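Examining the three-dimensional arrangement
Listed below, chain by chain, are the residues.
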Amino acid sequence: MSTLKVDSLVEKTSGNGVHIPGHVIQVVQSTGTNGSIFTSHGAYVTTPYTGSITPKFATSKILVTISFSVLLRVTGGSASSGLGLSLKRGSTRVTTSPSNTHEIFISTSGMLSASRQSFVYLDSPNTASSTTYALDAWPRYTGQTTEFDSRNSTWSVTLQEIAQ
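All residue numbers refer to positions counted from 1 along the written sequence of the respective chain. It should be noted that, the model being predicted, local features are given only for residues of pLDDT at least 70 and side-chain atom pairs only at 80 or more, the latter also being counted only at that level, while totals for whole chains, interfaces and linings use all residues. Hydrogens and water are ignored here; the side-chain numbers use all heavy atoms of the structure.

Secondary structure elements follow DSSP: runs of H or I no shorter than four residues count as helices, runs of E no shorter than two count as strands, and numbering proceeds from the N terminus. Helix and strand content of the protein chain: 0 helices and 11 strands. Along its sequence from the N terminus, the protein chain presents helices and strands in the succession β-β-β-β-β-β-β-β-β-β-β. Buried residues are those whose accessible area, probed at 1.4 Å on protein chains only, stays under 20% of the maximum for their type, while exposed residues exceed 50% and partly exposed ones sit between those limits. The buried share among the 164 residues of the protein chain stands at 38%. The contact rule is simple, with two residues in contact once any of their heavy atoms fall within 4.5 Å. Put simply, of all contacts in the protein chain between residues at least 6 apart along the chain, 86% involve residues at least 24 apart. As displayed, the protein chain offers around 8700 Å² of accessible surface, 51% of which is attributable to carbon and sulfur atoms. Accessibility throughout is a Shrake-Rupley quantity obtained with a 1.4 Å probe, and a residue counts as covered only by protein chains that appear here.

All right, on to the packing of aromatic side chains then. In this analysis, rings of Phe, Tyr and Trp, with Trp reduced to its six-membered ring, are considered paired at centre separations within 6.5 Å, and the interplanar angle assigns stacked below 30 degrees, edge-to-face beyond 60, and tilted for intermediate values. Taken as a whole and judged by the stated rule, the model has 2 aromatic pairs. Ring pairs connect the aromatic residues Tyr-49, Phe-68 and Trp-155, which therefore count as one cluster.

The next point concerns the pattern of salt bridges. Every case where a carboxyl oxygen of Asp or Glu lies within 4 Å of a side-chain nitrogen of Lys or Arg is listed as a salt bridge. Enumeration over the complete set of coordinates arrives at 3 salt bridges. Two residues, Lys-88 and Asp-136, come together in a salt bridge whose shortest N-O distance is 3.9 Å. Taken together, the residues Lys-88 in strand E5 (residues 81–89) and Asp-136 in strand E9 (residues 131–139) connect sequence positions 48 residues apart. As far as the burial class goes, Lys-88 and Asp-136 line up, both buried. Salt-bridge contacts for Asp-123 lead to Arg-89; the nearest nitrogen and oxygen are separated by 2.6 Å.

Our next topic: the environment of Thr-127. Relative to the elements of secondary structure, Thr-127 occurs in the loop between strand E8 (112–123) and E9. Thr-127 sits 70 residues away from Phe-57 along the chain, and the two C-alpha atoms are 7.1 Å apart. For Thr-127, the residues in contact, after removing those within four places along its chain, are Pro-55, Phe-57 and Ala-58. Whenever two N or O atoms come within 3.5 Å, that pair is a polar contact, provided that in protein one can donate a hydrogen and the other can accept it, and provided that, for residues adjacent in sequence, both atoms are side-chain atoms. Polar side-chain contacts of Thr-127 include one of 3.0 Å to the backbone nitrogen of Ser-129.

Take Thr-131: it is sitting in strand E9. In this structure the side chain of Thr-131 is engaged in a polar contact, spanning 2.9 Å, whose partner is the backbone oxygen of Ser-129. Among residues more than four places away in sequence, those in contact with Thr-131 are Gly-51, Ser-52, Ile-53, Pro-55 and Arg-89.

Now for unusual backbone geometry. Located in the positive-phi region is Asn-126, a residue other than glycine, with phi close to 55°. Checked against the element boundaries, Asn-126 lands in the loop between E8 and E9. The exposure class of Asn-126 is exposed, given its relative accessible area of 61%.

This paragraph deals with the environment of Leu-71. Examined against the element boundaries, Leu-71 turns out to sit in strand E4 (residues 61–75). The partly exposed category is assigned to Leu-71, whose relative accessible area is 30%. Considering only alpha carbons, one finds Leu-71 and Ser-115, 44 residues apart in sequence, at a separation of 6.8 Å.

Our focus in this paragraph is the environment of Leu-122. Relative to the helices and strands, Leu-122 resides in strand E8. Residues Leu-122 and Ile-162 lie 40 residues apart in sequence; the distance between their C-alpha atoms is 9.6 Å. Excluding residues within four positions of it along the chain, Leu-122 makes contact with Lys-61, Ile-62, Leu-63 and Ile-162.

Next up, the structure:
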């Protein structure tokens, strides 16, 4: 077996990038402090947590990491309350089933819950065109109305292109 040791790698043709499977090609981050939305059961609402990336290769994977603090107030519905979160790529929902969605629960309707949340998803968009990711929210139980407020804290969406 041979071992290749180098001190640096330089791309052969400017602008093409170095393509080594498993390495991070680029990182794009969006941040903000805005965000107060209301939604009721059965209605998805897009949160302000969005970010865009233009992959250099259509075969790349995108690691989506969304971090935010949220004040959640749920009224109506059952004694247990919760908010589901779902990721969209453009207009396509990429996390749709209960096994790959993220949920925040409150034990009693009407209570406030303040917490720091992280949402992580590895996507295969199969495109080298600009791609926008957004996080949607919806109340988990019938008859609930949810206020999802993150106005007083910073949120971030980090998108990492990973070579395949």
